[in-house]
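Summary of structural features
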Amino acid sequence: MAAAPELTQADQLAALEAQVATCTKCRLHETRSRTVFGVGSPTADLMFVGEAPGFHEDRQGIPFVGQAGKLLDKLLGGIGLTRDDVYIANVLKSRPPGNRDPQLDEISACEGWLFRQIAIIQPTIVATLGNFATKLLSGKPLGITRVHGVEQPTTVGGSRVLLYPLYHPAAALYTPAMLKVLEQDFARIPELLGGDEPAIEPVVVEAVHEPAVQLSIF
Ligand code: URA
């Protein structure tokens, strides 16, 4: 008998996304519009992990589509990449009401989905955006101010990856000094991926008047 064809990484992610869409493991399923699974290349070498969907993400079902997402797109452009070259997901797949901080039991309920995404994609680098993703994936309590820009080999979801903590773009939107550091940390990504290090191109950010997510991400 012929062996069953192996599922591609895209197939595996699609199957996982269908499971996530009906997840009721935590209270957030009661208030979300839809789950926000992740987007990008199923075979990406570089994966970003943010905190949780905000208002716009909850409406559209796509991570990082608000102001923070626009900055993320610009930062990617600065190192010659687009969203299609990377994979973008969050710690939580459902929006916390009012963009409040994720709660510990919500993270525990949801983390298995993220670990499985990482196990399927097998990225070389997992860049964590802000405190929640960094603490979860490093397994350490050290905050982002201490560890941003410091790569650390670690095992996540059974895969060996290089964890690369970064400030959350939503935080950098309001703090020019943090944006500068985020640009500098971003500029090291090509080197970490094994390519050339590009010159840092300043990112132009228009004034923003409303926070995209709570400033819990430092
Ligand atoms: N902030 C996040 O952490 N994730 C999103 O998807 C949007 C904003």
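Structure shown above.
Some thoughts on empty space enclosed by the protein
The tally for this structure, following the rule as stated, stands at three cavities of 30 Å³ or more. By volume, the largest cavity is sized at about 90 Å³. Surrounding the largest cavity, 14 residues form its lining, Cys23, Cys26, Arg32, Ser94 and Cys110 being those nearest its centre. The biggest single contributor to the lining of the largest cavity is helix H4 (residues 104–121), with four residues. Taken together, the residues that form the lining of the largest cavity break down as seven nonpolar, three polar and four charged.

Quick look at the site of the ligand
If you check the shell around the ligand, you find nine residues, and the closest are Glu51, Ala52, Phe64, Asn90 and His168. Contacts to the ligand include alanine 52, whose backbone N or O atom sits 3.0 Å from a nitrogen atom. Side-chain polar atom of histidine 168 to an oxygen atom of the ligand: 2.8 Å apart, as the coordinates give it. Taken together, the residues of the shell around the ligand break down into four nonpolar, three polar and two charged.

Quick look at the packing of aromatic side chains
In total, this model carries one aromatic pair according to the counting rule given. Ring plane angle 10 degrees and centroid distance 5.7 Å describe the contact between phenylalanine 48 and phenylalanine 186, whose orientation is recorded as stacked. Here phenylalanine 48, found in strand S2 (residues 46–50), pairs with phenylalanine 186, found in helix H8 (residues 176–187); they are 138 residues apart in sequence, far enough to count as distant. The burial state of phenylalanine 48 is the same as that of phenylalanine 186; both residues are buried. Geometry around tryptophan 113 places lysine 25 over its ring, the cationic atom sitting 4.4 Å from the centre.

What about the packing of helix H3 (residues 67–78) against H8?
Where H3 contacts H8, the axes come no closer than 10 Å and their chain directions differ by 45 degrees. The orientation of H3 relative to H8 falls into the category oblique. Both H3 and H8 take part in a crossing whose hand is right-handed. Of the residues in H8, those in contact with Leu71, Leu72, Leu75 and Leu76 of H3 are Leu179, Leu182, Glu183 and Phe186. Its residues assigned to classes, the contact of H3 with H8 shows seven nonpolar, no polar and one charged.

Looking at the pattern of salt bridges
The full count for this structure, using the stated rule, is six salt bridges. Glutamate 106 is paired through a salt bridge with arginine 100; the nearest N and O atoms lie 2.7 Å apart. Classification of glutamate 106 as buried rests on a relative accessible area of 0%. With a shortest N-O distance of 3.3 Å, glutamate 191 and arginine 188 are connected by a salt bridge. Of the residues examined, glutamate 191 reaches a relative accessible area of 34% and is grouped as partly exposed. Taken together, the shared-partner salt bridges in this structure form one network comprising Arg27, Arg100, Asp105 and Glu106.

The rules behind each value
Residues numbered from 1 in each chain as written. Predicted model: local features only at pLDDT ≥ 70, side-chain atom pairs only at ≥ 80, totals over all residues. Heavy atoms only, no water. 1 Å grid on protein atoms, 1.4 Å probe; cavity = no way out; pocket = protein on both sides within 12 Å on 5 of 7 lines; lining within 4 Å. Points joined across faces, edges and corners; volume = space filled by probe spheres on them. Helix = DSSP H or I, 4+ residues; strand = E, 2+ residues; numbered from the N terminus. Nonpolar A, V, L, I, M, F, W, Y, C, P; charged D, E, K, R; others polar. Near = heavy atom within 4 Å. Polar contact = N/O pair within 3.5 Å; in protein donor to acceptor, adjacent residues only side chain to side chain. Phe/Tyr/Trp six-rings, centres within 6.5 Å; stacked < 30°, edge-to-face > 60°. Buried < 20%, exposed > 50% of the residue type's maximum accessible area, 1.4 Å probe, protein only. Lys NZ or Arg CZ within 6 Å of the ring centre and 35° of its normal. Axes fitted to C-alpha atoms, helices over the stretch in contact; angles between N-to-C directions. Parallel < 35°, antiparallel > 145°, perpendicular 65-115°, else oblique. Left-handed = near helix turned anticlockwise from the far one by under 90°. Contact = heavy atoms within 4.5 Å. Salt bridge = Lys/Arg side-chain N within 4 Å of Asp/Glu carboxyl O.

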